[in-house]
Amino acid sequence: MADIDNKDQAEMDPADMEDVEEVEEEETGEDENSKARQLTVQMMQNPQILAALQERLDGLNGSPSGYMESLPKVVKRRVNALKNLQVKCAHIEAKFYEEVHELERKYAALYQPLFDKRSDIVKAAYEPTDEECEWKADEEEELTDEMKEKAKLEEEKKDEEKEDPKGIPEFWLTVFKNVDLLSDMLQEHDEPILKHLQDIKVKFSDPGQPMSFTLEFHFEPNDFFTNTVLTKTYKMRSEPDENDPFSFDGPEIMSCAGCTIEWTKGKNVTLKTIKKKQKHKGRGTVRTVTKTVPNDSFFNFFTPPEVPENGELDEDSEAILAADFEIGHFIRERIVPRAVLYFTGEAIEDDDDDYDEEGEEADDEEGEEEADEENDPDYDPKV
């Protein structure tokens, strides 16, 4: 009974429900309790009932009980003492995250030789040995020797038909195109430039300096700009806000700064030229005016809005910075350490697995709601 389909539940007519009620009235003892439990489960599987319950619960969330106001003054004093202790806990937590940052800096130095070798392979500065290239994928375990030999011959034939590529062509561009968060920033005119991207590095602030990290984008010589490295620095804070200490939840990015891109003449993809016709009010003559306006591009990433000293931003700038902080953090935490897995798509599958279950539940709920509406005699799809 507990696994009865919701659609069947919705299609039961009033007569069926009366039959259920009559049967339940005849049952006694354990059978009656079992039936009641089963009916409760069925009701809790009904999305309309759940929605009504959730609405009631949402109304209760955040509603002060009035208990604090009812406490004697002497008890309130003690609660204030607890809150002061909590502030001290927040400051200790801040110190904890500062030490975590020191550990990140320490282990970054251990990772870097591996990342440097990755970069050398990508840009064809180093050719890995046969031993380094040996990799046994899960699906290969089930292949027979004959199938493996056939696959090897086909692969060699394909290689003969193609020119011998150097390194791993378009490695970072492929990574960017595989990740939704980054591909949304890419424009078609960005891709020829990003084909020259050879490496992305993360550099942490020196010991004793304010907490920060810098993303370094290393490019091979190209026709678009003269820079060999483009940088983006994120300044962080790991201390409770004096005005709201309980909101502290670890280090947060406070601001960021890009760099000046030395574009080759006529190659700046962050700007575009438009022609606009203007009519003279008096004479009625028409002239064509050429204007340079901003253009959508990934490379706008290196010119974020500046945060004024008072910290106040308009809504658009605040939204841009919030997205920028998310992207910077994602590149540092996920893209740089696991670049090859985003290149192959394996990391994307892992990321998607985190959302599949929730997404399926949402889809199921939508389907159930549509079914309920269709079975409702008063439902009018035109309304």
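Residues numbered from 1 in each chain as written. Predicted model: local features only at pLDDT ≥ 70, side-chain atom pairs only at ≥ 80, totals over all residues. Heavy atoms only, no water.

Draft legend 1. Structural view of the pairing of strand β6 (residues 286-294). In this structure, strand β5 (residues 271-279) lies alongside β6, joined through nine bridges in antiparallel fashion. When the sheet's bridge partners are listed, Lys-275 is paired in β6 with Thr-290. The loop that links β5 with its antiparallel partner β6 comprises six residues; one of these, Gly-284, has a positive phi angle of about 80°. (Pairing = 2+ DSSP bridges. Helix = DSSP H or I, 4+ residues; strand = E, 2+ residues; numbered from the N terminus.)

Draft legend 2. Structural detail: a nonpolar patch on the surface. Side chains of Leu-103, Tyr-107, Leu-110, Tyr-111 and Leu-114 sit close together on the surface and give an oily, nonpolar patch of about 540 Å² of accessible area. By the element assignment, Leu-110 lies in helix α6 (residues 73-122). A relative accessible area of 53% means that Leu-110 is categorised as exposed. (Patch = residues over 30% accessible without salt bridge, like charges linked within 9 Å, V, L, I, M, F, W, Y side chains within 5 Å. Areas by Shrake-Rupley, 256 points an atom, 1.4 Å probe, with all protein chains shown as cover. Salt bridge = Lys/Arg side-chain N within 4 Å of Asp/Glu carboxyl O. Buried < 20%, exposed > 50% of the residue type's maximum accessible area, 1.4 Å probe, protein only.)

Draft legend 3. View of the packing of aromatic side chains. This model, assessed by the stated rule, comprises 21 aromatic pairs. Between Tyr-111 and Phe-115, the ring centres sit 5.9 Å apart and the planes meet at 20°, which makes this aromatic pair stacked. On the criterion of helical spacing, the pair formed by Tyr-111 and Phe-115 is a turn pair, its members being four residues apart in helix α6. By relative accessible area, which is 16% here, Phe-115 ends up buried. Seen in terms of ring centroids, Phe-225 and Phe-299 are 6.1 Å apart; in terms of plane orientation they differ by 65°. Their pairing is edge-to-face. In this pair, Phe-225 sits in the loop between β2 (212-219) and β3 (229-237) while Phe-299 sits in the loop between β6 and α12 (315-335), placing the two residues 74 residues apart along the sequence. Exposure remark for Phe-225: the relative accessible area of 2% places this residue in the buried category. (Phe/Tyr/Trp six-rings, centres within 6.5 Å; stacked < 30°, edge-to-face > 60°.)

Draft legend 4. Seen up close, the sheet that holds strand β1 (residues 197-204). Taken in spatial order, the four strands make up an open sheet running β1-β2-β3-β4, and their pairing is antiparallel. Each of the sheet's edge strands pairs with one partner strand only, and the pair in question is β1 and β4 (252-257). When the angles between neighbouring strand axes are averaged without regard to direction, this sheet yields 20°. Contacts between α6 and the sheet are confined to β1 and β2, with β1 contributing the most and set at about 165° to the helix. (Axes fitted to C-alpha atoms, helices over the stretch in contact; angles between N-to-C directions. Contact = heavy atoms within 4.5 Å.)

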